[in-house]
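Fold and geometry: a report
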Amino acid sequence: MAVPLYQAKAEFFRMLGHPVRIRVLELLGEGPKQVRELLTDTGVEASSLSQQLAVLRRAGIVASAREGSTVTYALAGPDVADLMLAARRILTEMLAGQVELLDELRESAVSRARS
């Protein structure tokens, strides 16, 4: 029995639902990175990074290439980078709305204090 599309999407977003995975995807959006670079840029333990990279690799979102003892990771395709940029735009809009609400609340508080 086939999984409904909405369920597959939910599982996809659940798979993305870890801060280290998101950070790795953002970093790889800049271009391929060696594991040592990812370790430095994420600031997590090697074992934790390895686990998160394995999840992303199993999902087919990142690809790895080994050259000797050096492993380099890259996004499997440009769509993931586009998704990260879309998420950034959405969050920016959401936070801008919150800033506007905060400004209104502050103005209201100042008006009441003057009354």
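Described below are features of the structure shown in this document.

Cut-offs and rules
Here the residue index of a chain counts from 1 through its sequence in written order. With pLDDT at 70 or above as the cut-off, local features in this predicted model cover only qualifying residues; side-chain atom pairs require 80 or more to be listed or tallied, and sums for whole chains, interfaces and linings still use all residues. For the side-chain quantities, the full set of heavy atoms in the structure was used; hydrogens and water were omitted. At least two bridges found by DSSP between two strands are what make those strands a pair. Comment: elements are numbered from the N terminus, with helices defined as DSSP H or I runs of at least four residues and strands as E runs of at least two. Whether two residues are in contact is decided by their heavy atoms, any of which lying within 4.5 Å being enough. To obtain each axis, a line is fitted to C-alpha atoms, and for helices this fit is confined to the stretch in contact; angles are then taken between N-to-C directions over 0 to 180 degrees. Note on angle classes: values under 35 degrees are labelled roughly parallel, values over 145 roughly antiparallel, values of 65 to 115 roughly perpendicular, and the remainder oblique. Asp, Glu, Lys and Arg are counted as charged, while Ala, Val, Leu, Ile, Met, Phe, Trp, Tyr, Cys and Pro are counted as nonpolar; the rest, among them Gly, fall into the polar class. Patches were defined on residues exceeding 30% relative accessible area and lacking a salt bridge, with like-charge contacts within 9 Å and nonpolar side-chain contacts (Val, Leu, Ile, Met, Phe, Trp, Tyr) within 5 Å. Values of accessible area rely on a 1.4 Å probe in the Shrake-Rupley scheme; residue burial ignores everything except the protein chains shown. For this analysis, a salt bridge means a side-chain nitrogen from Lys or Arg found within 4 Å of a carboxyl oxygen belonging to Asp or Glu. Positive charge is attributed to Lys and Arg, negative charge to Asp and Glu, and no charge count is given to His or to the chain ends. By convention, charge coordinates are those of NZ in Lys, CZ in Arg, CG in Asp, or CD in Glu. Working definition: with a 1.4 Å probe on protein chains only, accessible area under 20% of the residue-type maximum means buried, over 50% means exposed, and in between means partly exposed. Any pair of N or O atoms that falls within 3.5 Å is considered a polar contact. Within protein, one atom must be able to donate a hydrogen and the other to accept it, and sequence-neighbouring residues count only if both atoms are side-chain atoms. Helix span, expected: 1.5 Å multiplied by one less than the number of residues in the helix.

Spatial ordering of the open sheet is given by β1-β3-β2, a layout of three strands whose pairing is antiparallel. A single partner strand is all that each edge strand has here, and the edge strands are β1 (33-34) and β2 (62-67). Across six bridges, β2 lies against strand β3 (residues 70-75) in antiparallel orientation. What sits directly across from Ala63, in β3, is Ala74. Across the sheet, helix α4 (residues 46-58) lies against β2 and β3, angled at about 115° from β2, the strand it touches most.

This part takes up the packing of helix α1 (residues 5-16) against helix α2 (residues 19-28). How two helices sit against one another is set out by the angle between their axes and by the gap between those axes. For the pair α1 and α2, interaxial distance at closest approach is 7 Å and the crossing angle is 90°. Between α1 and α2, the angle falls in the class roughly perpendicular. Along the contact surface, α1 presents Arg14, Met15 and Leu16, while α2 presents Arg21, Ile22 and Leu25. Taken together, the residues of the contact of α1 with α2 sort by class into four nonpolar, no polar and two charged.

Together, Glu100, Asp103, Glu104 and Glu107 make up a negatively charged patch on the protein surface. Position of Glu100 relative to the elements: it lies in helix α5 (residues 78-114).

For the rest of this paragraph, the subject is the side chain of Arg21. Checked against the element boundaries, Arg21 lands in helix α2. At 12 Å, Glu11 is the nearest oppositely charged side chain to Arg21, a buried residue that forms no salt bridge. One polar contact links Arg21 to Gln52, side chain to side chain, over a distance of 2.6 Å. What Arg21 contacts, discounting residues up to four positions off in sequence, is Arg14, Met15, Leu16, Gln52, Val55 and Leu56.

What follows concerns α5. The periodicity of an α-helix, 3.6 residues per turn, causes residues three or four positions apart to be oriented the same way. For α5, which comprises 37 residues, the first-to-last C-alpha distance of 54 Å matches the rise-based estimate of 54 Å (1.5 Å per residue) to within 8%. Looking at α5, one finds that the buried residues are Val80, Ala81 and Met84. In the core, the buried residues of α5 are packed alongside α2 and β3.

Attention now moves to the pattern of salt bridges. It is possible for side chains bearing opposite charge to pair when their charged atoms get close. Using the criterion set out here, one finds three salt bridges in the structure. The closest approach of N and O atoms between Glu26 and Arg88, which form a salt bridge, is 3.7 Å. Of this pair, Glu26 sits in helix α2 while Arg88 is found in helix α5, placing the two residues 62 residues apart along the sequence. Glu30 is paired through a salt bridge with Lys33; the nearest N and O atoms lie 3.4 Å apart. What you see here is one network of salt bridges that share partners, running through Arg23, Glu26 and Arg88.

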